[in-house]
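Spelled out from the first residue to the last, the chains are:
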Amino acid sequence: MYIIAGLGNPSSKYKGTRHNMGYDAIDNIADRNNISFNSKKFKSLCGTGIIQGEKVLLIKPETYMNLSGEAVREAVDFYKINPEDELIVIYDDISLDPGKLRIRGKGSAGGHNGIKNIIAHLGTDKFKRVKVGVGSRPEGMDLADYVLGRFGRIERITVDKGIDDAARAVEVIIAEGIDKAMNLFN
């Protein structure tokens with residue numbers, strides 16, 4: 001079984017913001033695989049289904065980004081999964097151009113507070129990540145204002161392709177492993 005967590009902030013106020021790339025990608029995965037978010041548990045909106053023959057739990061933590069680890073830890077503990085093998089986290093990355101992906105099997109938080117909180121709650125940095133680029137903030141702009149801002153019309157087209165690529169990358173990770181996904185999408 002896989003737990004796939006898409007990070008973001010709940011409420012319509014944050015819909016479509018740079019910081020909600022994880023939510024956008026998890027919605028894309030749900031649409032592609034006919035999975036409905038039909039329950040609330042683990043401080044998250046949840047949906048269960050099958051992807052590439054594997055049972056999955058899709059979660060959108062409702063703890064707000066900086067406390068994502070609370071939700072992820074509850075789901076991991078409940079299902080008794082090994083995060084290194086069965087957890088995939090999707091989130092935004094300001095060090096990547098809009099729509100570009102970077103897939104990793106482990107690593108530091110890289111300054112991302114949601115990932116920092118997940119690492120703190122799990123006690124490990126060994127879990128699969130799909131990072132979706134949102135571009136770097138303009139000089140002099142507050143980081144929070146930037147990641148909570150929305151994309152321009154042209155940029156949104158590029159980002160939507162990246163979100164679709166992130167969904168496909170998760171399917172490849174499940175079916176063929178992370179190395180194959182990194183070769184195809186990094």
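Our subject is the structure listed above.
Residues numbered from 1 in each chain as written. Predicted model: local features only at pLDDT ≥ 70, side-chain atom pairs only at ≥ 80, totals over all residues. Heavy atoms only, no water.

**Describing the nonpolar core**
The criterion, for reference: For our purposes a nonpolar core is just a set of buried Ala, Val, Leu, Ile, Met, Phe, Trp, Tyr and Cys residues, chained together by side-chain atoms within 4.5 Å. Buried residues are those whose accessible area, probed at 1.4 Å on protein chains only, stays under 20% of the maximum for their type, while exposed residues exceed 50% and partly exposed ones sit between those limits. Secondary structure elements are defined from DSSP: runs of H or I of at least 4 residues count as helices, runs of E of at least 2 residues count as strands, and each element is numbered from the N terminus.
Counting 31 residues, the largest nonpolar core has Ile-4, Ile-29 and Ile-90 as its most contacted members. Contributions of two or more residues to this core are made by β1 (2-6), α1 (21-32), β4 (54-61), β5 (87-93), β6 (101-104), β7 (128-133), α6 (153-176) and α7 (178-185). For this core, the element with the most residues is α6, which contributes nine residues.

**Focus on the sheet that holds strand β3 (residues 44-51)**
Defined as follows: Any two strands are treated as partners once DSSP identifies two or more bridges connecting them. A fitted line through C-alpha atoms serves as each axis, taken over the contacting stretch for helices, and the angle formed by two N-to-C directions is quoted from 0 to 180°. Contact definition: two residues touch when any of their heavy atoms are within 4.5 Å.
Across the sheet, which stays open at both edges, the seven strands sit in the order β2-β3-β4-β1-β5-β7-β6 with mixed pairing between neighbours. One side of each edge strand has no neighbouring strand; the edge strands of this open sheet are β2 (39-41) and β6. On average, each strand axis in the sheet is inclined to that of its neighbour by 25°, with strand direction left out of account. Of the pairings in the sheet, the one linking β5 to β7 comprises six bridges and is parallel in character. What sits directly across from Asp-92, in β7, is Val-132. Strands in contact with α1 are β1, β3, β4, β5 and β7; relative to β4, the strand with the most contacts, it is inclined by about 145°. Contacting β5 and β7, helix α4 (residues 113-122) crosses the sheet at an angle of about 155° to β5.

**Structural notes on the pairing of β1**
Burial within β1 is extensive, with five of its five residues counted as buried. In this structure, β1 lies alongside β4, joined through four bridges in parallel fashion. Looking at the pairing, Ile-3 lines up with Leu-57 of β4. Of the strand pairs in this sheet, β1 and β5 are connected by four bridges, and their pairing is parallel. By the bridge assignment for β5, Ile-3 is matched with Leu-87.

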